[in-house]
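Understanding the architecture of this molecule
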Amino acid sequence: MIKKCLFPVAGYGTRFLPATKSMPKEMLPIVNKPLVQYGVEESLEAGLTEVGFVTGRGKRAIADHFDVNYELESEIKGSSKEQYLSSIREVMEKGKFSFTRQTEMRGLGDAILNGKRLIGDDPFGVVLSDDLCLTGDDEGVLAQMVRLYNQFRCSIVAIQEVPDDQVSKFGIIAGEKMKEGLYQVSDMVEKPDIADAPSNLAIIGRYILTPDIFDVLENTPPGKNGEVQLTDALLTQAQNGCVMAYKFKGQRFDCGSVEGFVDATNYVYNNVYKPV
Ligand code: G1P
C-alpha cells in the first residue's frame, strides 16, 4: 500500500514576481484555496496520507497552512465564519505532515533526493503543485496512478499530449503502447528541442516512484540546465527495469505560468467553487 506523498515546494516562483517575493508561489489562491491545498487534497483522496514537503527559505507559510492557528480558531469559534475553515480542517484531520529543507537549488531530482529522509524505503507519490489536475466527479489523477501501481509495481509518470511548440517545456517520453493510454517507457528526455523529441507525450507533475529512485538519483549527474533531473533518473529505472507512462483522465492547468493560473482560476470559479 502506498501511504506517502512528496511535495517539492522549494522553487522561487520567479514568473509571479513581485507576488512571490515574500510569499510562496504554492500559497497563491485559485479562487479561495491555495494551490498546494488542491494537490494535498488529491493526495489524501488517493490514500496517501503521509505528506512530506521539501521546502526552502521563505516557505514557512506552507507549514503554517497545514497547522492549527489557535488565535484564529478561538476568535471565530461558534460563529458562522467557522465554515470557511471546513476544507482545511478536513485536510488536517486526514493528513500527517512533515517538512525538510532543500538548501541548494540543484533541480527536481535533487529535491526528491532531499525527500529521502521523509520517505525512507517505501514507494511514494510526487505532486508538483504547479500542475493543477482536475477530474470533476471522477477519481483524482494520483488515485488513478495508485491503482496502476498496484498492478505493475514500478514507477509511473503521468503524461499528456502537447503541441509541438510546447515540447521543449517538459520531460518527453517514448514508449511501447501497452493499451489505450498506457505506455512502457523506452526513452525519456528532459526539455528537448522539438527536433530531438522522441514524441509529444509530455510528463505532467504527478509521479509514483519506487524507492530505488534514491540510489539512482545519487548516481545521476547534473543534466539539462546543470540540474539533477528526475527525468534522467527515471530513464535509468526504465532501462534497468520498468517505468510506465499513463495518459491520465482529467484536465491539467499549468499554474506556474500566468496564463495557466488565470485559466485555472476561471475554470474553478465557474465549475468547482461553491460559495459557503
Ligand atoms: C518538471 C520536470 C519535467 C516535467 C514538468 C511537469 O519541470 O522536470 O520533466 O515535464 O515538471 O510540470 P519544471 O516545470 O519544474 O521545470
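Every value quoted in this text rests on a predicted model; they were computed, and no experiment measured them.

How each quantity is defined
Residues numbered from 1 in each chain as written. Predicted model: local features only at pLDDT ≥ 70, side-chain atom pairs only at ≥ 80, totals over all residues. Heavy atoms only, no water. Buried < 20%, exposed > 50% of the residue type's maximum accessible area, 1.4 Å probe, protein only. Helix = DSSP H or I, 4+ residues; strand = E, 2+ residues; numbered from the N terminus. Pairing = 2+ DSSP bridges. Near = heavy atom within 4 Å. Polar contact = N/O pair within 3.5 Å; in protein donor to acceptor, adjacent residues only side chain to side chain. Nonpolar A, V, L, I, M, F, W, Y, C, P; charged D, E, K, R; others polar. Contact = heavy atoms within 4.5 Å. Salt bridge = Lys/Arg side-chain N within 4 Å of Asp/Glu carboxyl O.

1. A look at the pairing of strand β8 (residues 155-161)
Among the 7 residues of β8, 5 are classified as buried, and the element is accordingly described as predominantly covered. By the bridge criterion, 6 bridges tie β8 to strand β11 (residues 201-209) in an arrangement that is antiparallel. Looking at β11, one finds that Q160 is bridged to A202.

2. Quick look at the site of the ligand
The local shell around the ligand consists of L108, L128, D131, F170, G171, E190, K191, I203, G205, Y207, Q229 and T231. Taking G171, its main chain carries an N or O atom lying 2.9 Å from an oxygen atom of the ligand. Contact distances for the ligand include 2.6 Å between an oxygen atom and a backbone N or O atom of I203. For the shell around the ligand, the element with the most residues is β11, which contributes 3 residues. Classifying every residue of the shell around the ligand gives 5 nonpolar, 4 polar and 3 charged.

3. Description of the side chain of T100
Assignment of secondary structure puts T100 in strand β5 (residues 96-101). Residue classification places T100 among the buried residues on the basis of a relative accessible area of 9%. Not counting the four nearest positions on each side in its chain, T100 is found in contact with F53, V54, T55, N114, R117 and L118.

4. Some remarks on the environment of Q102
As for its position among the elements, Q102 is in the loop between β5 and α5 (108-114). Residues Q102 and S168, 66 residues apart in the sequence, show an inter-C-alpha distance of 26 Å. Within the structure, the side chain of Q102 is placed 3.1 Å from the side chain of D110, a separation counted as a polar contact.

5. What about the pattern of salt bridges?
On inspection of all chains with the given rule, the structure shows 15 salt bridges. E41 serves as the salt-bridge partner of K33, at 2.8 Å between the closest nitrogen and oxygen. A relative accessible area of 17% places K33 in the buried class. Between K177 and E180 there is a salt bridge; the shortest N-O distance is 3.2 Å. Residues joined by salt bridges that share partners form a network here, namely E73, E82 and R89.

Honestly, that's just the spatial picture; any functional story needs more than this.
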